Amino acid sequence: MRTREEQIAHILNVMRNSSSDVTVAAIIAEIILEAERRAEQRVRAEIAERVSKLFDSYGAYDRPCKQFVMGAIDAEREVG
């Protein structure tokens, strides 16, 4: 995973050295998709942490139930 500065430098380098707008667009699209995947992972991790805390606060330590809830949340997020 590259830092923001490294990604910007990479885009600028491609823009300077590329004669094709298609190449530049492809690189930018790749970086945006990578950022979206990382954001999705962060959101899922935060939701998992909150679900776990909620279950633990009620003394519910049933792992399959937690997994079911996370699966339902994931399915809903994909639809919505």
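Structural data are supplied above this passage.
The notes below deal with the structure included here. (Residues numbered from 1 in each chain as written. Predicted model: local features only at pLDDT ≥ 70, side-chain atom pairs only at ≥ 80, totals over all residues. Heavy atoms only, no water.)

1. Topic: a nonpolar patch on the surface
Together, Ile8, Leu12 and Met15 make up a nonpolar patch on the protein surface, roughly 260 Å² of accessible area in all. Residue position: Leu12 is located in helix H1 (residues 4-17). You can call Leu12 partly exposed: its relative accessible area is 37%. (Patch = residues over 30% accessible without salt bridge, like charges linked within 9 Å, V, L, I, M, F, W, Y side chains within 5 Å. Areas by Shrake-Rupley, 256 points an atom, 1.4 Å probe, with all protein chains shown as cover. Salt bridge = Lys/Arg side-chain N within 4 Å of Asp/Glu carboxyl O. Helix = DSSP H or I, 4+ residues; strand = E, 2+ residues; numbered from the N terminus. Buried < 20%, exposed > 50% of the residue type's maximum accessible area, 1.4 Å probe, protein only.)

2. Looking at the environment of Glu6
Positionally, Glu6 belongs in helix H1. Look at Glu6 and you get partly exposed, because its relative accessible area is 43%. Along the chain, Glu6 and Gln41 lie 35 residues apart, while their C-alpha atoms are 21 Å from each other.

3. Some points on H1
Here H1 spans 20 Å end to end across 14 residues, near enough to the 20 Å set by a 1.5 Å rise per residue. When we look at burial in H1, the residues that qualify are Gln7, Ile11 and Val14. Down the axis of H1, the buried side of the element spans an arc of 65°, and every buried residue falls inside it. Exposed side of H1, more than 90 degrees from the buried face: Glu5, Arg16 and Asn17 are the residues found there. (Expected span 1.5 Å × (residues − 1). Arc of directions from axis to C-beta.)

4. Observations concerning the environment of Tyr58
Position of Tyr58 relative to the elements: it lies in the loop between helix H2 (21-57) and helix H3 (63-79). Classification of Tyr58 by relative accessible area gives exposed; the value is 68%.

5. Observations regarding H2
A rise of 1.5 Å per residue sets the reference length of H2, with its 37 residues, at 54 Å; its end C-alpha atoms lie 54 Å apart and thus fit the reference within 8%. Among the residues of H2, Val24, Ile27, Ile31, Glu34, Arg38, Val51 and Phe55 are the ones counted as buried. One or two steps after H2, the chain reaches Gly59, where phi turns positive at roughly 75°.

6. Observations regarding the side chain of Gln7
As for its position among the elements, Gln7 is in helix H1. Its relative accessible area of 9% is what places Gln7 among the buried residues. Setting aside anything within four residues of it in sequence, one finds Gln7 in contact with Arg2, Ile31, Glu34 and Arg38. (Contact = heavy atoms within 4.5 Å.)

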